[in-house]
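Each chain, letter by letter, is given below.
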Amino acid sequence: MKKVGNHHSISRICVFSLAILLTFSLTSIAQNPAPAPASTTAPAADAAAPAAGGDAAKGKELFNTNCAACHKLDAKSTGPALRGVASRRDKAWLYKWIHNSSELIKSGDATAVKLFAENNNAVMTAFPQLSEADIDNILAYTSEPKAEPAKVLPAAGASAGAESNGEGVSNNLILFALAVVMLMLVVMLVLVNRVLTKIAKANGVEVSTKEASMPIWKAFARNQFLVLVASIFLLLASGYYVYGYLMQIGVDQDYEPIQPIHYSHRIHAGSNGIDCKYCHSAARVSKNAGIPSLNICMNCHKNISEVSDTTATPDHSKAFYDGEIKKLYAAVGWDQSTQKYTGKTQPVKWVRIHNLPDYVYFNHSQHVTVAGVECQTCHGPVQTYEVMKQFAPLTMGWCINCHRETDVKMEGNEYYTKIHEELSKKYGVDKLTAAQMGGLECGKCHY
Amino acid sequence: MISPMKSIYNIALLVCTAVLVSSCHDTSKPNYQYMPNMYESAGYETYSESKAFKNGKEGQLPVEGTINRGYEVYEYPNTTAGLEAARASLQSPLDPASIDMDKAKELYDVYCGICHGTAGDGKGKLVTQGKFLGVPSYKDRPITIGSVFHVETYGLNSMGSYANQLNTHERWMVAAYVMKLKSE
């Protein structure tokens, strides 16, 4: 074969493109959501309570177990806000009220009756079991001045931010450094090239000029063997890509739409450990898993109107999360200040993510209750998703593969015992796969 | 030798195509489909919007007064008096021996354990993490199987109703399990 010039510049381009590709693959790796910092139990809250004697600490405990269901310190809940109530009311009256408020109201005490009426005649539980010392402890706790949020927050926020930012920053730094190195390399190459040419000129060496070598493409075009090989390669490669492109049409893997309320599975199912079926309760018993109606959200959110500081991440601030809970309140028509429903509701238009074509039948209870398959097998590590996305391709091949590989749950399944036994005998196996049960028959999934 | 300027152009070209290729996939939009009219029926889908109804939704509430098959009347009203009446006299229709306690535990752990704790001591995960306070231990409350059923059905103050996640039979099962936890 004839040797052609310019090998160097080609290999250089190759190296460069490799480097560029590498940087790109790095970016895409870096874009994988960094594992969010697990929300540690609020150190801020502990710090906020100044050590004002053992009384208030004991009182806090009593308050949290007995009263917090209906009272908050600074906001109206089922009952009024309790901060500073000891200075509003007489001590003796408070003892009587807390021991048994209904009795006090019945006795016609003017303050009590008025209070009762102001709070929509909601009944406060009687606490005859609390001693006067206990009540003093509680009142000590409610009399504590409000902790200056300004003092605690920036410290906690900043440290949390710095901690979790660490990873993002270092990733960005590495990328930036790589880019700088690349640039420097290019500049250096240019410079070295110039210097070399100059030196060569100075020494009187004739630098090989353009005309001397044949242009690369001409050399290439003359070599028919190379042309043949290259065109076959090109054809194969483009065939591969075209096939790949055509096959992914209609497959919505990784589809991740923006939802009307930024509802995070990471916070609910992950750090707070709420079971999937608490919200998607229809998955146990029906074809659909269902999106929870808003009254299920209100089981918790009547009480949880804002997130704690430790929940905020560098990407999403506390103010952002609180705003999202406000959107939920607007949709169900919940008035926070009066703790009542206004009756003005508006639907939340969740964007549907998983959607099989209409000619396929898929049933959740068959897989979740009968087969005992975990949600995560099909939906991925949902408890880590800040934004919900489609994990599986939901293609026919995906369903069929799993039916070939997964055994049916035979124990505790009396209804099917007989057919299980017969089929096991027929195939001569102990464990039946879903496919052997008939999970590959077209009519099971297409109707 | 290729001039330095030219190789820079080449590099720039490569960078641009790489950027173009890697940025054209947008995961916040659904993908293209071959034959959309085969995948999406003309009939209304669950939760879809529809102009056929006044409120623009396909999902409609049943007509007022509708009852479902197997509906059982629950006569105790959602008031304090109702709760006290249920506490005093409501009895479970289930035969205690035939209740599948494993199933009841499973349901309890999913729907109640998150607040009341799997042991019923009021120390569920939301409580220990300080997100939801004021959940009582069953031992501290004068509950009976009737009052538990009543509270599950209507909720109580800051506890919500579980009637739409658990059907009547399941609520009785869970109530029996709560009484078992209390007695332990």
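As a reminder, the structure under discussion sits directly above these lines.
A brief report on the enclosed structure follows. (Residues numbered from 1 in each chain as written. Chains lettered and ligands numbered in written order. Predicted model: local features only at pLDDT ≥ 70, side-chain atom pairs only at ≥ 80, totals over all residues. Heavy atoms only, no water.)

On to the interface of chain B and chain A, then. In this assembly, 51 residues from chain B lie in contact with 59 residues from chain A. Carbon and sulfur atoms make up 54% of the surface buried where chain B meets chain A, a total of about 5000 Å² over both sides. The tally of links between chain B and chain A comes to two salt bridges. The salt bridge partner of B:Glu49 is A:Lys349, with a shortest N-O separation of 3.8 Å. Our count for the chain B to chain A interface comes out at 13 residue pairs in polar contact (both at pLDDT 80 or more). Listing elements by their share of the side of chain B that touches chain A, those giving two or more residues are α1 (4-23), α2 (36-39), α4 (101-111) and α6 (125-128) of chain B. (Contact = heavy atoms within 4.5 Å. Buried area = accessible area lost by both parts, 1.4 Å probe. Salt bridge = Lys/Arg side-chain N within 4 Å of Asp/Glu carboxyl O. Polar contact = N/O pair within 3.5 Å; in protein donor to acceptor, adjacent residues only side chain to side chain. Helix = DSSP H or I, 4+ residues; strand = E, 2+ residues; numbered from the N terminus.)

Before going further, it helps to examine unusual backbone geometry. Unlike most non-glycine residues, A:Leu394 shows phi in positive territory, near 60 degrees. Within the element layout of this structure, A:Leu394 appears in the loop between α17 (375-379) and α18 (396-405). Unlike most non-glycine residues, B:Asn157 shows phi in positive territory, near 45 degrees. Turning to its location among the elements, B:Asn157 is positioned in the loop between α7 (145-154) and α8 (168-183). For B:Asn157, a relative accessible area of 36% puts it in the partly exposed group. (Buried < 20%, exposed > 50% of the residue type's maximum accessible area, 1.4 Å probe, protein only.)

Moving on: the packing of aromatic side chains. One pass over the full model with this rule turns up 13 aromatic pairs over all chains. For the pair A:Trp93 and A:Trp97, a centre-to-centre distance of 5.3 Å together with 15 degrees between the ring planes defines the contact as stacked. One end of the pair is A:Trp93 and the other is A:Trp97, both in helix α5 (residues 91-99) and four residues apart, which spans about a single turn. Considered together, A:Trp93 and A:Trp97 belong to a single accessibility category, that of buried residues. Ring centres of A:Tyr278 and B:Tyr162 lie 6.0 Å apart, and the angle between their planes is 75 degrees; on these two criteria the pair is classed as edge-to-face. Taken together, the residues A:Tyr278 in helix α13 (residues 276-279) and B:Tyr162 in the loop between α7 and α8 connect one chain to another. Side by side, A:Tyr278 and B:Tyr162 carry an identical accessibility label, which is buried. Through successive ring pairs, a cluster of aromatic residues spans B:Tyr74, B:Tyr76, B:Phe149, B:Tyr154 and B:Trp172. The ring of A:Trp93 has A:Arg89 lying over it, and the distance from NZ or CZ to the ring centre is 5.4 Å. Positioned over the ring face of A:Tyr385 is A:Lys389, at 5.0 Å from the centre of the ring. (Phe/Tyr/Trp six-rings, centres within 6.5 Å; stacked < 30°, edge-to-face > 60°. Lys NZ or Arg CZ within 6 Å of the ring centre and 35° of its normal.)

To continue, consider the side chain of A:Ser101. With respect to the helices and strands, A:Ser101 occurs in helix α6 (residues 101-106). Among residues more than four places away in sequence, those in contact with A:Ser101 are A:Lys96 and A:Met124.

This brings us to the environment of A:Asp254. Following the sequence through the fold, A:Asp254 ends up in the loop between α11 (224-248) and α12 (265-271). A C-alpha to C-alpha distance of 8.2 Å links A:Asp254 and A:Pro393, two positions 139 residues apart in sequence.

A word on the nonpolar core. Among the nonpolar cores identified, the biggest contains 38 residues, and A:Tyr278, B:Leu90, B:Tyr108, B:Tyr111, B:Trp172, B:Val174 and B:Val178 are the most heavily contacted of them. Looking at this core, the elements that each hand over two or more residues are α14 (294-301) of chain A together with α4, α5 (113-116), α6, α7 and α8 of chain B. Apart from residues no more than four positions distant in its own chain, B:Leu90 is found in contact with B:Tyr74, B:Tyr76, B:Ala85, B:Ile145, B:Gly146, B:Phe149 and B:Trp172. (Core = buried A, V, L, I, M, F, W, Y, C linked by side-chain atoms within 4.5 Å.)

Residues and elements named next belong to chain A. Positionally, Cys399 belongs in helix α18. The partly exposed category is assigned to Cys399, whose relative accessible area is 26%. For Cys399 and Pro80, which are 319 residues apart along the polypeptide, the C-alpha to C-alpha distance reads 55 Å.

A word on helix α3 (residues 80-89) of chain B. Residues and elements named next belong to chain B. Within α3 the residues assigned to the buried category are Gly82, Leu83 and Ala86. End-on, the buried residues of α3 take up no more than an arc of 100 degrees, which puts them together on one face. Along α3, exposed side chains directed more than 90 degrees from the buried face belong to Ala81 and Ala88. Where the residues of α3 are buried, they touch α7. (Arc of directions from axis to C-beta.)

Residue and element names in this part refer to chain A. Evaluation of the coordinates by the stated rule reveals 11 salt bridges over all chains. A salt bridge links Glu118 to Lys114; the shortest N-O distance between them is 3.6 Å. Placement of both Glu118 and Lys114 in helix α7 (residues 110-118) is noted, with a separation of four residues, approximately one turn of the helix. Across this residue pair, the class does not change: Glu118 and Lys114 are exposed. As a salt-bridge pair, Lys327 and Glu324 come within 3.2 Å of each other at their nearest N and O atoms. One end of the pair, Lys327, and the other, Glu324, are both in helix α15 (residues 318-332), three residues apart, so they sit about a helical turn from each other. The class for Lys327 is partly exposed, based on a relative accessible area of 39%.

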